[in-house]
Amino acid sequence: MKDLKVAGIDMVYAVPKGSPVHALSDVSFDLEAGRLLTLLGPSGCGKTTLLNILAGFLAPTGGTVTLGDDLITGPGQERGMVFQQGALFEWLNVEQNVAFGPKMNGADKAETKEKVEDLLRTVGLQGFGDKRIYELSGGMQQRVALARCLANDPDVILMDEPLGALDALTREKMQGLILDLWKDTGKTIVLVTHSVEEALYLGDRLFVMAPRPGRIERDYELPFARTGLEVEPRALKASPEFIDKREEILSLIWEMEEEIMGHEG
Amino acid sequence: MSENGSSLFRRATGQNDRKTVTFGDAAAVQSLPLWSALSLAALVLFWWAATRTWGFPAEFRAATKADFAANGERFTQAKMLVQCNGAPADVCDESMYTQWLSPRSFPSPPDTWSGFKMLWTDGYKGVTLLTHAGTSLWRVLRGMFWGCLIGIPVGMAMGLSSRLRGIFDTIVELFRPIPPLAILPLFIIWFGLGDPSSVKLLIFASVWIMIIAARAGVRTVNLSKVRAAYSLGASKWQVLRRVILPNALPELFTGIRVALGVSWGTLVAAELTGTGVGLGTMIFQAKNFFLLDVVVVGTATIAIIGVLMDMLMRIVEARLIPWRGKG
Ligand SMILES: Nc1ncnc2c1ncn2[C@@H]1O[C@H](COP(=O)(O)OP(=O)(O)OP(=O)(O)O)[C@@H](O)[C@H]1O
Ligand SMILES: [Mg+2]
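Conventions adopted
- Residues numbered from 1 in each chain as written.
- Chains lettered and ligands numbered in written order.
- Predicted model: local features only at pLDDT ≥ 70, side-chain atom pairs only at ≥ 80, totals over all residues.
- Heavy atoms only, no water.
- Axes fitted to C-alpha atoms, helices over the stretch in contact; angles between N-to-C directions.
- Helix = DSSP H or I, 4+ residues; strand = E, 2+ residues; numbered from the N terminus.
- Parallel < 35°, antiparallel > 145°, perpendicular 65-115°, else oblique.
- Contact = heavy atoms within 4.5 Å.
- Nonpolar A, V, L, I, M, F, W, Y, C, P; charged D, E, K, R; others polar.
- Buried area = accessible area lost by both parts, 1.4 Å probe.
- Salt bridge = Lys/Arg side-chain N within 4 Å of Asp/Glu carboxyl O.
- Polar contact = N/O pair within 3.5 Å; in protein donor to acceptor, adjacent residues only side chain to side chain.
- 1 Å grid on protein atoms, 1.4 Å probe; cavity = no way out; pocket = protein on both sides within 12 Å on 5 of 7 lines; lining within 4 Å.
- Points joined across faces, edges and corners; volume = space filled by probe spheres on them.
- Buried < 20%, exposed > 50% of the residue type's maximum accessible area, 1.4 Å probe, protein only.
- Domains from an automatic or database assignment.
- Near = heavy atom within 4 Å.
- Areas by Shrake-Rupley, 256 points an atom, 1.4 Å probe, with all protein chains shown as cover.

## What to know about the packing of helix α5 (residues 129-160) of chain B against helix α11 (residues 279-288) of chain B
Packed helices, taken two at a time, are described by the angle their axes make and the gap between the axes.
Residues and elements named next belong to chain B.
Phase 1 of the analysis: Taken N-terminus to C-terminus, the directions of α5 and α11 make an angle of 125 degrees; their axes are 7 Å apart at the nearest point. Between α5 and α11, the crossing angle belongs to the class labelled oblique. Seen from α5, the contacting residues are Leu129, His132, Ala133 and Ser136; seen from α11, they are Leu279, Gly280 and Met282.
Phase 2 of the analysis: Tallied by class, the residues present in the contact of α5 with α11 amount to four nonpolar, three polar and no charged.

## What to know about the interface of chain A and chain B
Phase 1 of the analysis: Each partner contributes to the interface: chain A provides 25 residues, whereas chain B provides 20 residues.
Phase 2 of the analysis: Taken over both partners, the interface formed by chain A and chain B buries close to 2000 Å², and the fraction arising from carbon and sulfur atoms is 65%.
Phase 3 of the analysis: It is Trp91(A), Met104(A) and Tyr134(A) in chain A that bury the most area against chain B; as a group they hold 35% of the surface buried on that side.
Phase 4 of the analysis: At the junction of chain A and chain B, the tally comes to one salt bridge.
Phase 5 of the analysis: As a salt-bridge pair, Lys225(B) and Glu90(A) come within 3.4 Å of each other at their nearest N and O atoms.
Phase 6 of the analysis: Run the count over chain A and chain B and you get seven residue pairs in polar contact (both at pLDDT 80 or more).
Phase 7 of the analysis: Elements represented by at least two residues in the side of chain A that touches chain B include exactly β6 (79-82), α3 (100-104) and α5 (138-150) of chain A.
Phase 8 of the analysis: For the side of chain A that touches chain B, the leading source of residues is α3(A), giving four residues.
Phase 9 of the analysis: In the side of chain A that touches chain B, the residues fall into 13 nonpolar, seven polar and five charged.

## Re the layout of surface pockets
Phase 1 of the analysis: Of the volumes computed, that of the second largest pocket is approximately 490 Å³.
Phase 2 of the analysis: Lining of the second largest pocket is provided by 21 residues; of these, Gln96(A), Ala99(A), Phe100(A), Lys103(A) and Lys109(A) occupy positions nearest its centre.
Phase 3 of the analysis: At five residues, the largest contribution of residues to the lining of the second largest pocket is made by helix α10 (residues 236-270) of chain B.

## Structural notes on the environment of Pro60(A)
Residue and element names in this part refer to chain A.
Phase 1 of the analysis: By the secondary structure assignment, Pro60 is in the loop between α1 (47-55) and β4 (62-67).
Phase 2 of the analysis: According to the relative accessible area criterion, Pro60 is partly exposed, its value standing at 24%.
Phase 3 of the analysis: Distance in space between the C-alpha atoms of Pro60 and Gly124 is 37 Å, their sequence separation being 64 residues.
Phase 4 of the analysis: In this view, Pro60 contacts Ile9, Asp10, Met11 and Ile53; residues no more than four positions away in its chain are not counted.

## Notes on the domain arrangement of chain A
It is common to give the size of an interface as the accessible area that goes away when the parts come together.
Residue and element names in this part refer to chain A.
Phase 1 of the analysis: Per the domain assignment, the segments of chain A are domain 1 (4-78 + 154-264) and domain 2 (87-153).
Phase 2 of the analysis: Taking only C-alpha atoms, the centre of domain 1 and the centre of domain 2 are 25 Å apart.
Phase 3 of the analysis: Across the interface of domain 1 and domain 2, roughly 1200 Å² is buried in total on both sides, 70% from carbon and sulfur atoms.
Phase 4 of the analysis: Its largest share of buried area at the contact with domain 2, domain 1 owes to Gln77, Pro154 and Leu181, together 38% of the area lost on that side.
Phase 5 of the analysis: Our count for the domain 1 to domain 2 interface comes out at one salt bridge.
Phase 6 of the analysis: In this structure, the salt-bridge partner of Lys187 is Asp153, at a minimum N-O distance of 2.7 Å.
Phase 7 of the analysis: Between the two partners, domain 1 and domain 2, sit four residue pairs in polar contact (both at pLDDT 80 or more).
Phase 8 of the analysis: Those elements that place two or more of their residues in the side of domain 1 that touches domain 2 are β7 (156-160) and α6 (168-185).
Phase 9 of the analysis: Ranked by residue count, the leading element in the side of domain 1 that touches domain 2 is α6, at six residues.
Phase 10 of the analysis: For the side of domain 1 that touches domain 2, a count of residues per class yields nine nonpolar, two polar and three charged.

## Some thoughts on the pattern of salt bridges
Phase 1 of the analysis: Applying the stated criterion across every chain, the model contains 26 salt bridges over all chains.
Phase 2 of the analysis: Close ionic contact of Arg139(B) with Glu271(B) constitutes a salt bridge, the shortest N to O distance being 2.8 Å. In this pair, Arg139(B) sits in helix α5 while Glu271(B) sits in the loop between α10 and α11, placing the two residues 132 residues apart along the sequence. The same class applies to Arg139(B) and to Glu271(B), which are both buried.
Phase 3 of the analysis: Between Asp310(B) and Arg314(B) there is a salt bridge, with the nearest N and O atoms lying 3.3 Å from each other. Residue Asp310(B) and its partner Arg314(B) are both found in helix α12 (residues 292-320); the two are separated by four residues, about one turn of the helix.
Phase 4 of the analysis: On the basis of relative accessible area, Asp310(B) is assigned to the partly exposed category, the value being 25%.
Phase 5 of the analysis: Here the salt bridges share partners, and the residues they tie into one network are Glu32(A), Arg35(A), Asp204(A), Arg205(A), Asp219(A), Glu221(A) and Arg226(A).

## A few points about the site of ligand 1
Residue and element names in this part refer to chain A.
Phase 1 of the analysis: Close contacts around ligand 1 come from Tyr13, Val21, Ala23, Ser43, Gly44, Cys45, Gly46, Lys47, Thr48, Thr49, Glu161 and His194, and that covers them all.
Phase 2 of the analysis: Within the backbone of Cys45, a nitrogen or oxygen atom sits 3.3 Å from an oxygen atom of ligand 1.
Phase 3 of the analysis: One of the side-chain nitrogen or oxygen atoms of Thr48 is found 2.7 Å away from an oxygen atom of ligand 1.
Phase 4 of the analysis: For ligand 1, the accessible surface in isolation is 630 Å², of which the surrounding protein chains cover 63%.
Phase 5 of the analysis: Here the shell around ligand 1 gets three residues from one element, more than from any other, and that element is α1.
Phase 6 of the analysis: Looking at side-chain class alone, the shell around ligand 1 contains four nonpolar, six polar and two charged residues.

## As for the environment of Ser235(B)
Residue and element names in this part refer to chain B.
Phase 1 of the analysis: Within the secondary structure, Ser235 sits in the loop between α9 (223-231) and α10.
Phase 2 of the analysis: The class for Ser235 is partly exposed, based on a relative accessible area of 33%.
Phase 3 of the analysis: For the pair formed by Ser235 and Ile304, sequence separation is 69 residues and the distance between their alpha carbons is 46 Å.

Rendered as structure tokens:
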């Protein structure tokens, strides 16, 4: 397994007919293999930008990202991505979506079929292989996206608000699924979310980011994701330690928001 | 009228009957088949009644004799009439014209039916209606084939590269508004009369539509899908083949349907170039001899084939692109 090293990332978006946007400034961190990092912060603080740089979809204006010994210069299968929505292929059924990665690599058909069945079982979609994407609920679609990403057995899974479009109940179930997957596969996961509770519950490490320019404001080590695997999630989220942390982070974010409002007003 | 009275003329779906807001609920408006049947019946009735008044002389019915050219007397009469259209007044006078044919002459439904039967079995100038229609259809299909083969790659290239878009945009925008008919004289000079120029005209009619459809189709791709494909290990070619192309299918299909309609409509004009066989040729030649029943049967055949093609495309589309308009 490979560690992720982010060193001095700077990102400036050139805006045609406008002043450039400094989206990230000197973002540096090391993430050991097998950690689950959650990114939290007010809108516009550069979370998506950072994730896109890790995925290799954007080249930073400064700094480097390395996974193991490899410098990241573009997208690659060792880094899988789960988007918020709309990234599944409607012209393929569930099975074909999950099999997309192996197929692109020319993998053996029989092997792929077995793998796909395995993965669908893992995400709780056994028997849905021949369904069309539009026949699935939002939660089921995200399960397919997860399975599709896992089919290539990536070292790192990047998720940009993967549960953002789901209702509260489905969201909680999916959080459980992500934790289970993390435990079972031991993969490195970087997950962006807008929900403080989700960031705390899933994050084994948590960055609170600040805007203008985007940077890491706080770096937390959290116990909840590991206990979350044993304890009942509702009880965990209601525990005093969890609530304390939640309030601490919420007030931190509120301060930032007020600062932003001050800037604008 | 009673609100609950289940009339044949009202929508049959019970659950919609419970709506209180109906006027303005435009999405729920659908074509009621019974009303369609009624309007069609009214059309035929009007046709029948009108032709009772303005009859169609038997001499001009194709059904009277299949080989019209051998019918010397009728042929001469028809020729005279044709000449009357542009001849000096002392050669032809109005009475000669009206003696044979009232200006409002139109074959009645039975005339048309017998004309159809004659065209079906004996044909026009020895070529059956089926052959005429098949020849025309084959031309349209060839035109569409080349139109797609050229238009889709060009349109996709335009959607994928700013440079290519720049190169082709001016050309497409300049040529697209030209009605195919206007370019027909040039095509006749370049490619000669008949098949070559008519098929090329149909390529001209369809290619711009396909270019624009393909360009629009490429643009509908969601960046997330492309990025997801690259992250899953796809090459550029695989992204094009496995993501961008299937993603553009709905737009491409719309383009094909529009282009088919336009091509079919352009066909009559294309066949003016004097190809021996084809619905358009048949109509234009029959017109010269006042064989109005042939003209009407030919026109109706064009209409019916046009409708059938569109229906077929809808069925194929529902099969091929079931995700259209969903999610
Ligand atoms: N393509 C772009 N061109 C110019 N500016 C951009 C572009 N993408 C993002 N930005 C700007 O960069 C900053 C960071 O954007 P980013 O999308 O990374 O924020 P985010 O934290 O993901 O926000 P959100 O929580 O709303 O998703 C914002 O100010 C945004 O306006
Ligand atoms: Mg974002």
